[in-house]
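# Fold and contact review
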Amino acid sequence: MILPWHKSAFSKLKKMIDLNHVPHALLITGVEKIGKFALMQELVKILLCENQSCGECELCLSLKKDNPKEDLGYSALIRRSHYPNLIYCRTEINDSGSMSKEIRIDQVRTFCEILGKTADALQIGVIFYADQMNANAANSLLKTLEEPRKNTLIVLLAHNINSLPATILSRCQSIHINPTYEKESAVWLSNHIDENVSADYDAMQLLEGAHGVPQKVIEELKGDYFFQYQGWQNLLLEIANHPIKAIETEIFDGNEVQVLSCLQNLITEGIKLKVVKHDGGNIELNRVIEKAPSDYLFKLLDDTSRAISLSQTTVNMKLLLDNILIVWSHITHLKKYPTITNIQEI
Ligand SMILES: [Zn+2]
């Protein structure tokens, strides 16, 4: 199954295959958790499965068993895939038991040697992540890239294209997976998160909070994200209820976008409570919205949403959050709604 946010990258790959332009070396880039490994697997299936990636034949089933997160418990220089002509190269467990930070030259050498052996069927070698190769390893790979062999495909997966040497880049065709803010991805996300969560949160907002990386949302929801979220929410309410009190906001650091979407949820909830005038809801939130004028709440909601959308730009999010919080802290007794710097200018 092609993930909704992989469609455009996948159609480029498909086009290469259809036109018989599959390169000797392919580079798949994209931020962490965007699904580079999954896209690579789809490519391999299309290339090798006789029924166009059926998902059911022996090959498709054995590929499915290749999970990059599995088998980390032992040191593996090269791990053969469940498909015999596919090999993987990645960082290994070092002596102290933790994952090494780099892929070394001996690993790449072995990788190239195995790929160099003659085989009737297509041989595929995958390095992930190529931006973890140290300089010697990259140099060693370069030689193989310079003299491509028939019937061999090297796939490099990388988070950051800038950490790869230009000499390697120039020998690869690259495909980039973009972060996604499409409705289709939000729908996919709400189908993949807990029902209780999807009832409480808007999938698109969660997606924005995770910079357009759906798998990141899923991961965050599994971890202690919810406790963190509760902490932000409590602090935000404290700020609005006690505007004069000096409040430590370190727990917001580094989470500016998520805090903004937490505030966005609070204001939305507050507006609902105010408009519908029903009892219930968070007591602290009720206390805030009782005094805060509706039109200011709507204005701040608008500014907060705009601030979140600016997270894709080079705007200083910390400053932006501070500016929003100044207004939020005065929301119960504002005389006039101010213009928030950095938001209105853009
Ligand atoms: Zn198949």
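Look a little higher up for the structure.
The rules we used
- Residues numbered from 1 in each chain as written.
- Predicted model: local features only at pLDDT ≥ 70, side-chain atom pairs only at ≥ 80, totals over all residues.
- Heavy atoms only, no water.
- 1 Å grid on protein atoms, 1.4 Å probe; cavity = no way out; pocket = protein on both sides within 12 Å on 5 of 7 lines; lining within 4 Å.
- Points joined across faces, edges and corners; volume = space filled by probe spheres on them.
- Nonpolar A, V, L, I, M, F, W, Y, C, P; charged D, E, K, R; others polar.
- Axes fitted to C-alpha atoms, helices over the stretch in contact; angles between N-to-C directions.
- Helix = DSSP H or I, 4+ residues; strand = E, 2+ residues; numbered from the N terminus.
- Parallel < 35°, antiparallel > 145°, perpendicular 65-115°, else oblique.
- Left-handed = near helix turned anticlockwise from the far one by under 90°.
- Contact = heavy atoms within 4.5 Å.
- Buried < 20%, exposed > 50% of the residue type's maximum accessible area, 1.4 Å probe, protein only.
- Pairing = 2+ DSSP bridges.

What follows is about empty space enclosed by the protein. The tally for this structure, following the rule as stated, stands at three cavities of 30 Å³ or more. Volume-wise, the largest cavity comes out at about 40 Å³. In terms of lining residues, the largest cavity is bounded by Tyr 201, Gln 205, Leu 206, Tyr 225, Tyr 229, Ser 261 and Asn 265. Tallied by class, the residues present in the lining of the largest cavity amount to four nonpolar, three polar and no charged.

What follows covers the packing of helix H4 (residues 105–116) against helix H5 (residues 135–146). Packing of H4 against H5 brings their axes to within 8 Å, and their N-to-C directions diverge by 15 degrees. The pairing of H4 with H5 is recorded here as roughly parallel in orientation. Relative to H5, the crossing made by H4 is right-handed. In this structure, H4 uses Ile 105, Val 108, Arg 109, Phe 111 and Cys 112 to contact H5, whose residues at the interface are Asn 136, Ala 137, Ser 140, Leu 141 and Thr 144. For the contact of H4 with H5, a count of residues per class yields six nonpolar, three polar and one charged.

Most of strand S1 (residues 25–29) sits out of view: five of its five residues are buried. Residues of S1 alternate between two faces, with Ala 25, Leu 27 and Thr 29 on one and Leu 26 and Ile 28 on the opposite face, all of them buried. Across five bridges, the pairing between S1 and strand S5 (residues 152–158) is parallel. Residue Ile 28 lies in a different strand from S5, and its bridge partner there is Leu 157. Where S1 and strand S6 (residues 173–176) come together, four bridges link them in parallel fashion. Pairing of Leu 26 across the sheet is with Gln 173, part of S6.

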